[in-house]
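Per-entry structural report
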Amino acid sequence: MTQYLEAQGYRIVLARNGRDAVELARTESPDAIVMDVQMPEMDGLEATRRIRADGDIALTPIIAVTSFAMDSDREKILAAGVDGYLTKPVSLRALVGEIAKYLKQE
């Protein structure tokens, strides 16, 4: 996924876990975040909630990527505050399309 996005011209900053994701969102001020729901130390839903609670980065578009595909999972993930939601295996074209959708709003 990283190589594909870099080939599309995106600069990628990788977080090792949810805590890193929150810290990198604060220090890097990304245009968009692709958030894996299942991460160590802090899951992507909690990381999303913390980003949404931080006024400086709260409006950063967040696209969740997860293997959870049931309707109840989708509702829980969207309730955490993500803007978009893609299930694994992720179509790379769909991911680029989803990212572009949120970047065009700026």
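These numbers were taken from a predicted model, which means no experiment stands behind them. (Residues numbered from 1 in each chain as written. Predicted model: local features only at pLDDT ≥ 70, side-chain atom pairs only at ≥ 80, totals over all residues. Heavy atoms only, no water.)

1. Digging into a nonpolar patch on the surface
The criterion, for reference: Only residues whose relative accessible area exceeds 30% and that form no salt bridge enter a patch; like-charged residues are grouped when within 9 Å of one another, and nonpolar side chains (Val, Leu, Ile, Met, Phe, Trp, Tyr) when within 5 Å. Under the convention used here, a 1.4 Å probe and the Shrake-Rupley method define accessible areas, while residue burial counts only the protein chains that appear. Each salt bridge in this description consists of a side-chain nitrogen of Lys or Arg and a carboxyl oxygen of Asp or Glu lying within 4 Å of one another. Each helix is a run of DSSP H or I of at least 4 residues and each strand a run of E of at least 2, with the numbering of both proceeding from the N terminus.
Taken together, the side chains of Met 1, Val 34 and Leu 92 make up a nonpolar region of the molecular surface, amounting to roughly 220 Å² of accessible area. Within the secondary structure, Val 34 sits in strand E1 (residues 33-36).

2. Things to note about the side chain of Thr 48
Filter applied, for reference: Note on contacts: a residue pair qualifies if any of its non-hydrogen atoms lie within 4.5 Å across the two residues.
By the element assignment, Thr 48 lies in helix H3 (residues 44-53). If we ignore the near neighbours within four places in the chain, the residues touching Thr 48 are Met 35, Ile 62, Ala 80, Gly 81 and Val 82.

3. Some remarks on the nonpolar core
Applied cut-off: Working definition of a nonpolar core: buried Ala, Val, Leu, Ile, Met, Phe, Trp, Tyr and Cys residues. They are joined through side-chain atoms within 4.5 Å. The classification of residues rests on relative accessible area computed with a 1.4 Å probe and restricted to protein chains. Under 20% of the type maximum is buried, over 50% is exposed, and intermediate values are partly exposed.
Judged by nonpolar contacts, the single largest core of 18 residues is most densely connected at Ile 33, Met 35, Ile 51, Ile 62, Ala 64 and Ile 77. Contributing elements (two or more residues each) for this core: helix H2 (18-28), E1, H3 and strand E2 (62-66). Apart from the residues within four sequence positions on either side, Ile 33 is in contact with Ala 25, Ile 51, Thr 60, Pro 61, Ile 62 and Ile 63. In this structure, Ile 63, Val 65, Ile 99 and Tyr 102 belong to the second largest nonpolar core, which totals nine residues.

4. Structural notes on the packing of H2 against H3
To be explicit about the condition: To define axes, lines are fitted to C-alpha atoms, for helices over the stretch in contact only, and angles between the resulting N-to-C directions are given on a 0 to 180 degree scale. When an angle is under 35 degrees it counts as roughly parallel; over 145 it counts as roughly antiparallel; between 65 and 115 it counts as roughly perpendicular; any other value is oblique. A crossing counts as left-handed when the near helix is turned anticlockwise from the far one by less than a right angle, and as right-handed when that turn is clockwise. Residues are grouped as follows: Ala, Val, Leu, Ile, Met, Phe, Trp, Tyr, Cys and Pro are nonpolar; Asp, Glu, Lys and Arg are charged; every other residue, Gly included, is polar.
For the pair H2 and H3, the least separation of the axes is 8 Å and the interaxial angle reads 25°. As far as their axial angle goes, H3 and H2 are roughly parallel. The crossing of H2 and H3 is right-handed. Here Gly 18, Arg 19, Ala 21, Val 22 and Ala 25 of H2 come into contact with H3, specifically with Ala 47, Arg 50 and Ile 51. Of the residues contributing to the contact of H2 with H3, the split by class is five nonpolar, one polar and two charged.

5. With respect to H2
Basically, it comes down to this: N or O atoms closer than or at 3.5 Å make up a polar contact, with two conditions inside protein: a donor-capable atom paired with an acceptor-capable one, and, for residues adjacent in sequence, both atoms drawn from side chains.
All buried positions along H2 are accounted for by Gly 18, Asp 20, Ala 21, Val 22 and Ala 25. Residues of H2 that are buried in the fold lie against E1 and H3. A distance of 3.0 Å separates the backbone nitrogen of Arg 19 from a side-chain oxygen at the start of H2, and that oxygen is part of Asn 17. Residue Ser 29 follows H2 closely and has a positive phi angle near 45°.

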